[in-house]
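# Structural overview
One letter stands for each residue in the lines below.
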Amino acid sequence: MIEELTEQIEEVEDLIEIKVLEHSEMQLLLLIPGVGNFTSAVIVAELGEIDRFDCHEEAVSYAGLDPTVHQSGETEVRGSISKEDPAVLRWALIQAATNAVRYDEYLGNFYTRLKERKNHKIAIVATARKLLVSVFYMLTREEIYNPPKERA
């Protein structure tokens, strides 16, 4: 039974790899350290046509990685993330960010700086948001992942 399931899993993984290699947007996302076949497929599938977003803020809001805002008069309180649809996209971005902080210097430094002031969950969600912004611009401009160089 376990052997059959293992074979089925391997077949599905092979199918995902074939689809990723056929799709140029998924291939672009594979250039981000920490993003694999499955994650790139989920991100592209859940985002859909990237042209439907006018700016990266719309993509962040769609993914539910934007903060909630409660306003009353002149008072403004920013809360946790909005967690709008789809949860699978948020999960994939957070998993990718968790891996990327280990392998990508730019995202790793961002996460480390934020973690000094905030807890791990807040820092990794903020890193996932930053990763999504990079994904947005990679897909709209059709360019490879090229994070900015850190100042000394």
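Here goes a summary of the coordinates provided. (Residues numbered from 1 in each chain as written. Predicted model: local features only at pLDDT ≥ 70, side-chain atom pairs only at ≥ 80, totals over all residues. Heavy atoms only, no water.)

## Some remarks on the packing of helix H6 (residues 105-115) against helix H7 (residues 120-141)
Pairs of packed helices are described in terms of their axes, by the angle between the two and the distance that separates them. Convention followed: Axis definition: a line fitted to C-alpha atoms, over the contacting stretch in the case of helices. Angles run 0 to 180 degrees between N-to-C directions. Under the scheme used here, helices are H or I runs from DSSP no shorter than 4 residues and strands are E runs no shorter than 2 residues, and both carry numbers assigned from the N terminus. Handedness of a crossing is defined here by the sense of rotation of the near helix relative to the far one, left-handed for an anticlockwise turn of less than a right angle and right-handed for a clockwise turn. Any pair of residues with heavy atoms lying within 4.5 Å of one another is described as a contacting pair. Residues were grouped as follows: Ala, Val, Leu, Ile, Met, Phe, Trp, Tyr, Cys and Pro as nonpolar; Asp, Glu, Lys and Arg as charged; and all remaining residues, including Gly, as polar.
Where H6 meets H7, the axes come as close as 9 Å, and the angle between the chain directions of the two elements is 145°. Crossing angle aside, the handedness with which H6 passes H7 is right-handed. Residues Tyr-106, Leu-107, Phe-110, Tyr-111, Leu-114 and Lys-115 of H6 form the contact with H7, whose participating residues are His-120, Ile-122, Ala-123, Ile-124, Ala-126, Thr-127, Lys-130 and Leu-131. Across the contact of H6 with H7, the residue classes tally to ten nonpolar, two polar and two charged.

## Brief notes about the nonpolar core
Defined as follows: Definition of nonpolar core: a set of buried residues of the types Ala, Val, Leu, Ile, Met, Phe, Trp, Tyr and Cys, connected through side-chain atoms within 4.5 Å. Only protein chains enter the area calculation, which uses a 1.4 Å probe; residues under 20% of their type maximum are buried, those over 50% are exposed, and those in between are partly exposed.
Residues Leu-29, Ile-32, Ile-43, Leu-47, Leu-65 and Leu-93 are the most contacted members of the largest nonpolar core, which totals 41 residues. Elements with a contribution of two residues or more to this core: helix H2 (24-29), helix H3 (37-47), helix H4 (56-63), helix H5 (87-103), H6 and H7. Here the element with the most residues in this core is H7; it accounts for eleven residues. Ignoring any residue separated from it by four or fewer positions in sequence, one finds Ile-32 in contact with Leu-131, Val-135, Met-138 and Tyr-145.

## Quick notes on the side chain of Ser-40
To keep things clear, this is the line we draw: Here a polar contact means two N or O atoms within 3.5 Å. Within protein one must be a hydrogen donor candidate and the other an acceptor candidate, and residues neighboring in sequence count only if both atoms are side-chain atoms.
Mapped onto the secondary structure, Ser-40 falls in helix H3. On the basis of relative accessible area, Ser-40 is assigned to the buried category, the value being 0%. Here Asn-37 takes part through its backbone oxygen, which lies 3.0 Å from a polar atom of the side chain of Ser-40.

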